[in-house]
Amino acid sequence: MTFNSGRRSSFKKMILGGAAMGSLASFDWKSGEPLQLKGNINHGVCAWTMPSLSLDELCVTIKKIGFNAIDLVGPKGWDTLKAHGVECSMCNGAELGIPKGWNDPQYHEQLIKNYTELIPEVAKYGYKNLICFSGNRNGMDDETGMKNCAEGLKKIMGVAEKHGIMIQMELLNSKVNHKDYMCDLSPWGVELCKMVGSENFKLLFDIYHMQIDEGDIIRSIQTNHQYFGHYHTAGNPGRNELDENQEINYPAVMRAIVATGYKGYVSHEFIPKSEDKIAALAQAVQVCDV
């Protein structure tokens, strides 16, 4: 096949267009002019990914970029968010950490107490989402773990339903970052949702984690989106910027999410390698703003 000049020109334009999409220079966050976002994706950022900024500074920063939500903030930070008019798009503070979760009955009593007490507080602040974890396997088979999770979670779902709070279990990879974690595949999580049997229990679908452990991201979203209540992003491999150096086609994934009618948040949870971490966050917002 000959690669004529017309094809070469089109190919060059395509490459240059992709490079522009991934460029950190495409947005000057210091200019005071926020991004003009399309409004199809509600963007957020996970607080822990910006450790050099205080929560106050992060609130100011995301508004400069042009969005208004922060993930994974606990009760001690909610007054700060309220003072800035920023949404807590995914609350935390009731869990016992990632390894100690609902699959192990020895933790049920403490977890039930924690969630029963925190759910009304989440509602009081006007937030909607509260994270939870399956816990590690520690030799437990997946079927037993699922039954244990469902048994424990059912004991808090009445409180969650009463207060309009969505309990969301995060899907995490067990290949690279969270060895032995049980909720590491979306089919397992979907079956757990069915077993719990409440509209107030869903999965936090982390695109980065599921790219590692199962792939086929768009098909998973198209098939099981009704069980996914929240999304996280990061580039793979490396969990870094959503640029041309990683393998996930984020614009295509975002279009698939929008096509499902999803109205919740997509929160960025990558670790910037670039020196200007705020520009990296702004670039991720641009890449995902379809």
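The coordinates are above.
Note that the coordinates shown come from a computational prediction; the quantities given were computed from them, not determined experimentally.

Asks: I'd like a rundown of the pattern of salt bridges, residues and numbers included.
Replies: Under the counting rule described, the total for this entry stands at 8 salt bridges. Measuring nitrogen to oxygen at the nearest pair gives 2.8 Å for the salt bridge that ties D142 to R137. On the accessibility criterion, D142 (29% relative accessible area) is partly exposed. Each of R137, D142 and D184 takes part in a single network of salt bridges with overlapping partners.

Asks: I'd love a proper account of helix 5 (residues 142-163), names of residues and values included.
Replies: With 22 residues, helix 5 extends 30 Å between its outermost C-alpha atoms, agreeing within 8% with the 32 Å of an ideal straight helix rising 1.5 Å per residue. Largest kink in helix 5: about 40 degrees, centred on I156. Considered for burial, the residues of helix 5 that qualify are G145, M146, N148, C149, A150, G152, L153, I156, M157 and A160. Residues of helix 5 that are buried in the fold lie against helix 4 (108-124), strand 4 (129-132), strand 5 (166-170), helix 6 (186-196) and strand 6 (201-206). With a side-chain oxygen positioned 3.2 Å from the backbone nitrogen of E143, the residue opening helix 5 is D141. Among the residues trailing helix 5, G164 stands out with phi positive, at a value near 70 degrees.

Asks: Quick rundown of the packing of aromatic side chains? Include the residues and the values.
Replies: Applying the stated criterion across every chain yields a total of 8 aromatic pairs. The interplanar angle of 50 degrees and the centroid separation of 5.6 Å between the aromatic rings of W102 and Y115 together place this pair among those described as tilted. With W102 in the loop between strand 3 (87-91) and helix 4 and Y115 in helix 4, this residue pair connects regions lying 13 residues apart in the sequence. The two residues W102 and Y115 agree in class, both being buried.

Asks: Kindly report on the packing of helix 4 against helix 5, identifying the contributing residues and their values.
Replies: Here helix 4 crosses helix 5 at 20 degrees, and the two axes come no closer than 9 Å. Put simply, helix 4 runs roughly parallel to helix 5. The two elements helix 4 and helix 5 cross, and the hand of that crossing is right-handed. Note on element contacts: helix 5 touches helix 4 through N148, G152, K155, I156, V159, A160 and H163, opposite H108, I112, Y115, T116, I119, P120 and A123. Along the lines of polarity and charge, the residues of the contact of helix 4 with helix 5 split into 8 nonpolar, 5 polar and 1 charged.

Asks: Can you lay out the environment of A284 for me, pointing to particular residues and giving the numbers?
Replies: Note on placement: A284 falls in helix 10 (residues 277-288). Remark: the alpha-carbon pair of A284 and E241, spanning 43 residues in sequence, is separated by 6.9 Å. Beyond its immediate stretch of four places on either side in the chain, A284 contacts L242, H268 and F270.

Asks: Pulling in residues and values, what's your account of the environment of T116?
Replies: Within the secondary structure, T116 is located in helix 4. Here T116 falls in the partly exposed class, since its relative accessible area comes to 33%. For the pair T116 and K155, spaced 39 residues apart in sequence, the C-alpha to C-alpha distance is 9.0 Å. Sequence-distant contacts of T116, that is, excluding residues within four places in its chain, are made with I156 and V159. Polar contacts involving the side chain of T116 include one to the main-chain carbonyl oxygen of I112, which spans 2.6 Å.

Criteria and thresholds
- Residues numbered from 1 in each chain as written.
- Predicted model: local features only at pLDDT ≥ 70, side-chain atom pairs only at ≥ 80, totals over all residues.
- Heavy atoms only, no water.
- Salt bridge = Lys/Arg side-chain N within 4 Å of Asp/Glu carboxyl O.
- Buried < 20%, exposed > 50% of the residue type's maximum accessible area, 1.4 Å probe, protein only.
- Helix = DSSP H or I, 4+ residues; strand = E, 2+ residues; numbered from the N terminus.
- Expected span 1.5 Å × (residues − 1).
- Bend = angle between axes of the 7 residues up to and from the residue.
- Contact = heavy atoms within 4.5 Å.
- Polar contact = N/O pair within 3.5 Å; in protein donor to acceptor, adjacent residues only side chain to side chain.
- Phe/Tyr/Trp six-rings, centres within 6.5 Å; stacked < 30°, edge-to-face > 60°.
- Axes fitted to C-alpha atoms, helices over the stretch in contact; angles between N-to-C directions.
- Parallel < 35°, antiparallel > 145°, perpendicular 65-115°, else oblique.
- Left-handed = near helix turned anticlockwise from the far one by under 90°.
- Nonpolar A, V, L, I, M, F, W, Y, C, P; charged D, E, K, R; others polar.

Read these as geometric descriptors, not functional statements.
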